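Understanding the architecture of this molecule
Here is how the chains run, residue by residue.
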Amino acid sequence: MSNVAIVGATGAVGQEFLKILAERKFPVTELRLLASKRSAGKRITWQGQELEVQETTHESFKGIDIALFAGGSASTEYARSAVESGAVVIDNSSAFRLDPEVPLVVPEVNPEDVFSHKGIIANPNCSTIIMAVALKPIFDLAGIRRVVVSTYQAVSGAGREGIEELEAQVKAWSNGEELKSSVFPYQIAFNLVPRIDVFQEGDYTKEEWKMVKETQKIFHVPNMAITATTVRVPVFRSHSESINVETDRLVSVSEVREALSKAAGVIVIDDPGKDQYPMPWFSADKDEVYVGRLRQDFSIPQGFNLWVAGDQIRKGAATNAVQIAELLL
């Protein structure tokens, strides 16, 4: 049994933590809900208990075994304090992901890395997790030389505010009212925005560089060739990705399909004759990564295309973090 703290308990990922801890019957002795000062005092019912949300401070982690950080600036401010209090931090922010002292873990891909932690374990970026789960069976089967990925990322990736902005814009549009944007740089309703996070080196966005560098770290292949384009789409929940993979070894589509079908955390939905393939509405609120549209890339000798969908709040964030906590136990 463990004493567990959730930092950011009132946000989208924090609320999902609560749901998943209950669903997976995680052995919790005490659950401590922490959030910003403005959320302190709110009451949340979990497993028949009414719990009061407390303001996060440097003293909040005494007696805590596992601290689940939902992300944001709280990680850089309080994670070290949690470790000093004796907790293991599982962090959903980008603060520690590329720190060589901090393991970056997807349990289906590199579970052994959990045990090299020095108090903090990083949860990868949501789109990275979804891609990594789909790539692992291919990597084990034939090696990976190069990955080209384009993402179609739901508005909930920007938190509760992203969901609310899309809802408000759809309502405004249907009522003939002005559409207002504050979370996204442009209108997101009935539109696509090919920019997630800030622009960085080479005019790639931070989200695109996350997918490159985090995947290389997770697979322990620092020179794996990866290029990404990340796009925000007017979908409430569940990210989709178009992935082109070039393998080291020549294998058939049927071999790749068989490897994916047997892989942990993967469900193959791939029947073009029956119009069956993964979609966001189908993968939403589920923990598995769905893979389909698997086909050979005829432009190169050892290439494949696949289409992937996964719930970025669950597997892309909260579920992955709770799975890491389960490995610790």
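Conventions and cut-offs
Residues numbered from 1 in each chain as written. Predicted model: local features only at pLDDT ≥ 70, side-chain atom pairs only at ≥ 80, totals over all residues. Heavy atoms only, no water. Salt bridge = Lys/Arg side-chain N within 4 Å of Asp/Glu carboxyl O. Helix = DSSP H or I, 4+ residues; strand = E, 2+ residues; numbered from the N terminus. Buried < 20%, exposed > 50% of the residue type's maximum accessible area, 1.4 Å probe, protein only. Contact = heavy atoms within 4.5 Å. Polar contact = N/O pair within 3.5 Å; in protein donor to acceptor, adjacent residues only side chain to side chain. Pairing = 2+ DSSP bridges. Axes fitted to C-alpha atoms, helices over the stretch in contact; angles between N-to-C directions.

Describing the pattern of salt bridges
- Evaluated as defined, the whole model comprises 24 salt bridges.
- Measuring nitrogen to oxygen at the nearest pair gives 3.3 Å for the salt bridge that ties E214 to R97. Residue E214 is located in helix α5 (residues 206-218), and its partner R97 is located in the loop between β7 (88-91) and β8 (120-122); the two are separated by 117 residues in the primary sequence. Of the two residues, E214 and R97, neither departs from the other in class, the shared state being buried.
- We note a salt bridge from K136 to D140, for which the minimum N-O separation is 3.1 Å. Here K136 pairs with D140, and both are found in helix α3 (residues 126-142), just four residues apart, close to one helical turn.
- Salt bridges sharing common partners tie together E16, K19, E23, R237, D285, D287, D311 and R314.

Describing the environment of N244
- Its place among the elements puts N244 in strand β11 (residues 239-247).
- Looking at N244, the relative accessible area reads 17%, which means it is buried.
- Sequence separation between N244 and Q296 is 52 residues, and the spatial gap between their C-alpha atoms is 9.5 Å.
- Excluding residues that lie within four positions of it along the chain, N244 makes contacts with R146, V147, V148, D297, F304 and N305.
- At a separation of 2.8 Å, a polar atom in the side chain of N244 contacts the side chain of N305.

Points about the pairing of strand β2 (residues 28-35)
- Burial runs high along β2: six of the eight residues are buried.
- The pairing of strand β1 (residues 2-7) with β2 spans six bridges and is classified as parallel. Residue pairing for β2: N3 is matched across the bridge by E30.

Topic: the sheet that holds β1
- Spatially, the six strands line up as an open sheet ordered β5-β2-β1-β6-β7-β8, and their pairing is parallel. Since the sheet does not close on itself, it has two edges, and those belong to β5 (54-55) and β8, each with one partner.
- Helix-sheet contacts for helix α2 (residues 74-84) involve β1, β6 (66-69), β7 and β8, and the interaxial angle to β6 is about 175 degrees.
- On the sheet, helix α8 (residues 314-328) packs against β6, β7 and β8 and is oriented at approximately 155 degrees with respect to β7.

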